[in-house]
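Below are the chains, spelled out letter by letter.
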Number of protein chains: 2
Amino acid sequence: METLSIGQEIVAACERLGRHSDDPDGLTVAYLGAAHRAVAADLKEEMAGAGLAVTVDAIGNVIGRRSCGRPGARTLITGSHFDTVRNGGRFDGRLGIVLPIALARHLNETGERLPFDLEIIAFAEEEGLRFASTFLGSSPLVGQFDASVLERTDAAGVRLADAMRDAGLDPAGIAGLRRDPGTVLGYYEVHIEQGPVLLAAGEALGVVTSIAGGVRHSCRVTGSAGHAGTVPMRLRHDAGTAAAEMVLALEERCSADPSATVVGTAGRFEVVRGATNVIPGECQFTIDLRGAADGPRDLALADVLRSCREIAARRGVLFESELTMNVPATPCTPAWVDALAAAVASLGRPAHRMPSGAGHDAMMMGRALPMAMLFVRCGNGGVSHSPHETMTAADAGQAAAATLAFWRGRGTAARDVPAKAQE
Amino acid sequence: METLSIGQEIVAACERLGRHSDDPDGLTVAYLGAAHRAVAADLKEEMAGAGLAVTVDAIGNVIGRRSCGRPGARTLITGSHFDTVRNGGRFDGRLGIVLPIALARHLNETGERLPFDLEIIAFAEEEGLRFASTFLGSSPLVGQFDASVLERTDAAGVRLADAMRDAGLDPAGIAGLRRDPGTVLGYYEVHIEQGPVLLAAGEALGVVTSIAGGVRHSCRVTGSAGHAGTVPMRLRHDAGTAAAEMVLALEERCSADPSATVVGTAGRFEVVRGATNVIPGECQFTIDLRGAADGPRDLALADVLRSCREIAARRGVLFESELTMNVPATPCTPAWVDALAAAVASLGRPAHRMPSGAGHDAMMMGRALPMAMLFVRCGNGGVSHSPHETMTAADAGQAAAATLAFWRGRGTAARDVPAKAQE
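Predicted, not measured: the structure shown is a model, and the values here were computed from it.

Asks: Would you take a moment to explain the interface of chain B and chain A for this structure?
Replies: Size of an interface: often given as the accessible area lost when the parts come together. Taken together, the contacts link 48 residues of chain B with 48 residues of chain A. Taken together, the two surfaces of chain B and chain A that pack against each other cover about 4,100 Å², and 63% of this comes from carbon and sulfur. Counting every contact that joins chain B to chain A gives two salt bridges. The partner of Arg315 of chain B in a salt bridge is Glu251 of chain A, and the shortest N-O contact between them spans 2.7 Å. Counting the contacts that link chain B with chain A gives twelve residue pairs in polar contact (both at pLDDT 80 or more). The set of elements that each furnish at least two residues to the side of chain B that touches chain A consists of helix H5 (197-201), helix H6 (239-255), strand S9 (263-265), strand S10 (269-271), strand S11 (278-279) and strand S12 (282-291) of chain B.

Asks: Mind showing me how you'd approach the packing of aromatic side chains here?
Replies: One pair of aromatic rings is described through two measures. These are the centre distance and the angle between the planes. Tallied over the full model, the rule gives ten aromatic pairs over all chains. Centroid distance Phe123 of chain B to Tyr187 of chain B: 6.2 Å. Interplanar angle 50°. Geometry classified as tilted. With Phe123 of chain B in strand S4 (residues 117-123) and Tyr187 of chain B in strand S5 (residues 184-192), this pair connects stretches of sequence that are 64 residues apart. Since its relative accessible area comes to 0%, Phe123 of chain B is described here as buried. Summarising the aromatic geometry, the rings of Trp336 of chain B and Phe406 of chain B are spaced 5.6 Å apart at their centres and angled 65° between planes, so their arrangement reads as edge-to-face. Here Phe406 of chain B lies in helix H10 (residues 393-408) and Trp336 of chain B lies in helix H8 (residues 334-345), a separation of 70 residues in the sequence. Take Trp336 of chain B: its relative accessible area is 0%, and that puts it in the buried class. Classification of Phe406 of chain B as buried rests on a relative accessible area of 2%. The rings of Phe269 and Phe285 of chain A together with Phe269 and Phe285 of chain B are connected pair by pair, giving a single aromatic cluster.

Asks: I would appreciate a short explanation of the relation of the copies chain B and chain A in the present structure.
Replies: Superposing the two chain copies requires a rotation about an axis and a translation along that axis. Superposing chain B onto chain A requires a rotation of 180° together with a translation of 0.1 Å along the rotation axis, leaving an RMSD of 0.1 Å. These values place the two chain copies in the arrangement generated by a two-fold rotation axis. When the interface residues of chain B are mapped onto chain A, 100% of them again fall at the interface, so both copies present the same face.

Asks: Would you mind showing me how to read the packing of helix H1 (residues 3-17) of chain B against helix H3 (residues 95-110) of chain B here?
Replies: A pair of packed helices is captured by two measures, namely the crossing angle of their axes and the spacing between those axes. All names here are of chain B. At a minimum axis distance of 9 Å, the contact between H1 and H3 shows a crossing angle of 135°. Comparing the axis directions of H1 and H3 gives the class oblique. When you trace H1 past H3, the crossing you get is right-handed. Packed against H1, whose contacting residues are Ile6, Glu9, Ile10, Ala13, Cys14 and Leu17, the element H3 presents Leu95, Val98, Leu99, Ala102, Leu103, Arg105 and His106 at the interface. Of the residues belonging to the contact of H1 with H3, the class tally is ten nonpolar, one polar and two charged.

Scoring rules and cut-offs
- Residues numbered from 1 in each chain as written.
- Chains lettered and ligands numbered in written order.
- Predicted model: local features only at pLDDT ≥ 70, side-chain atom pairs only at ≥ 80, totals over all residues.
- Heavy atoms only, no water.
- Contact = heavy atoms within 4.5 Å.
- Buried area = accessible area lost by both parts, 1.4 Å probe.
- Salt bridge = Lys/Arg side-chain N within 4 Å of Asp/Glu carboxyl O.
- Polar contact = N/O pair within 3.5 Å; in protein donor to acceptor, adjacent residues only side chain to side chain.
- Helix = DSSP H or I, 4+ residues; strand = E, 2+ residues; numbered from the N terminus.
- Phe/Tyr/Trp six-rings, centres within 6.5 Å; stacked < 30°, edge-to-face > 60°.
- Buried < 20%, exposed > 50% of the residue type's maximum accessible area, 1.4 Å probe, protein only.
- Least-squares fit on C-alpha atoms with pLDDT ≥ 70 in both.
- Axes fitted to C-alpha atoms, helices over the stretch in contact; angles between N-to-C directions.
- Parallel < 35°, antiparallel > 145°, perpendicular 65-115°, else oblique.
- Left-handed = near helix turned anticlockwise from the far one by under 90°.
- Nonpolar A, V, L, I, M, F, W, Y, C, P; charged D, E, K, R; others polar.

Here is the structure:
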């Protein structure tokens, strides 16, 4: 296989899909909007052109299937999502769809058969942009679909269930999407790293060991508002500087974490009704804390919240926090991780193992299936969720080569053993 | 004089004026709005009822005059403003109008003559709420009026000059409001402290030594936005935590200032387009730095800006700041300060001398005239610019007694010496 040439094919496919956007100047593809339907139509065409049998399921996932010809063969599912965040990047999600399509086309040309049925799923929704319904595409396949999201409305007041019916989809069919784990070999996903780690390490590929769990808190500090000129420093209870000290405590604690895999972010920070000449009386900020394993993450969170309470007590302000999200970490399947690392190493360099700080469809699929994930270097300083997200064709080609090597080693074990038990 | 009874009269007058508001639930009186006109009408009535000769000048200041009967006597001007901030307090400004009116009424009853002509000016505008035109009422009297503000428009697009004409005022007459300093003894203002210093010190009255100058900067920190899960702590350039460190440097520097009269505030602080799961790429905050004297204030500012630049360099982010205001401090006239302190001490307690952190009409009037200012304790923790601003009748009565004692000692010097030279 010509890795550079297949890499160019993959990058070109991402560029083609990136033509469709809800906003003309960026790349925004919200579930079931016009751009989303256009991308789905393109994907059907790309899949059909690669000789795949194409179907669309009840939630709008576009599925291309390539049989290995052996009756009763189990299925290896691979894929990723084709919706985007607001003004996102061209490779986020789409890479994990077009890379296996390109490989399927290559396999058709060489006539090679894989030791399993291959299913490439272009998940219709993962980002939750329109309905705050993350993992809408993958959750039904592993029995994790939350039917209450069907009642959610978008910014225009449209219910999710109605939007699906308008698009010719069938909410009632979602329950039937659950796969029998006994028929599935596992799930494999290729994804752009969305961070600077591989770039900094000088590596094209990363083998994901675990998908970080995340915990989020919404925090509020209440002090005493006052005139910026008339209250001496020693008599102040400034909510803004108190909160500033808290977010620095978060940063310091995570930077010093012994596991070196904990990250903490105060992504929102605002003095409420702030004015230049008024001492802040209220400040709100968020804590987003992630770790490759839940233990170190939860220890860090406890330390940070304790620091916040100590800072508040010392400064005579009130600290309140509310847990708004708590998702446990999902370890990748160890035998699959090792196999993927061996496939990467077969290209000539030892595999770079790393946790994924972001959530992916693999996190959802990994709840019921063996799972592995390959990261591809993110250019441009590691910028993602942005139109400035880039990837080289050479790196995409390396990812395709590693994927094929990994696939060739899958499915050789006894096909009658249930998937989970096999690993 | 019954100090408690005159204090009750003063507090009741502030409560009466506080009935008029542009918003029904708060106290908002913007220049030339309906509430503003109603307050002006009430003030004319209060002044006339106290035997004062009432006029309204070209800018809308309501003036009550009480002659001492000596031909060629110079005038002591006292007063304050009757407009408010949005949702302000009942004593802010109004105290300095109704207190001398109550004293004039008292003097009429006792038949006492003061050694000068007394002029009580209710300044129509000081806060700048509607047209961002601070000191509109007082600046023409000392030749500091900036005619360009006449072209400013309010939120509804109404020009200041047109609003004045609609209210029957005469923009062309503003230039003629300038007073000949040779005819004026000086300016004296009573004002609620608007801070917690007197409350903390257990004193009813404060003698102002200087009105702090203020310098303001608008600051921006630019780092690198990134995914909150995928960028390790050591590879981040977080604009939010960088800015947090900067505002703590501001707080620390001002708290440790050797003059103990410098205060620094970051009243606005916001991660721009912040999202829970995104590392802040841009953060904006403001610096408001004040000092009783310009030297310590400017030293503190230089130190703070240097700290910000050092923090930015260490963290690999960009720090930019823009000077948006720079007003020098206005010292009160030393001989008047001493005389006012003696008047306060005559009530039984040594005078508490203190700077004013807020700007007042006295700051403007002090640019051309001898000037002194008396602060009255602010209740309720020192809260001001709020409907929760309070003052006791006992404290208001003490302020009236100190004011009368101070007045009795004024104007006994040669009446033909120009005001500035005399002090």
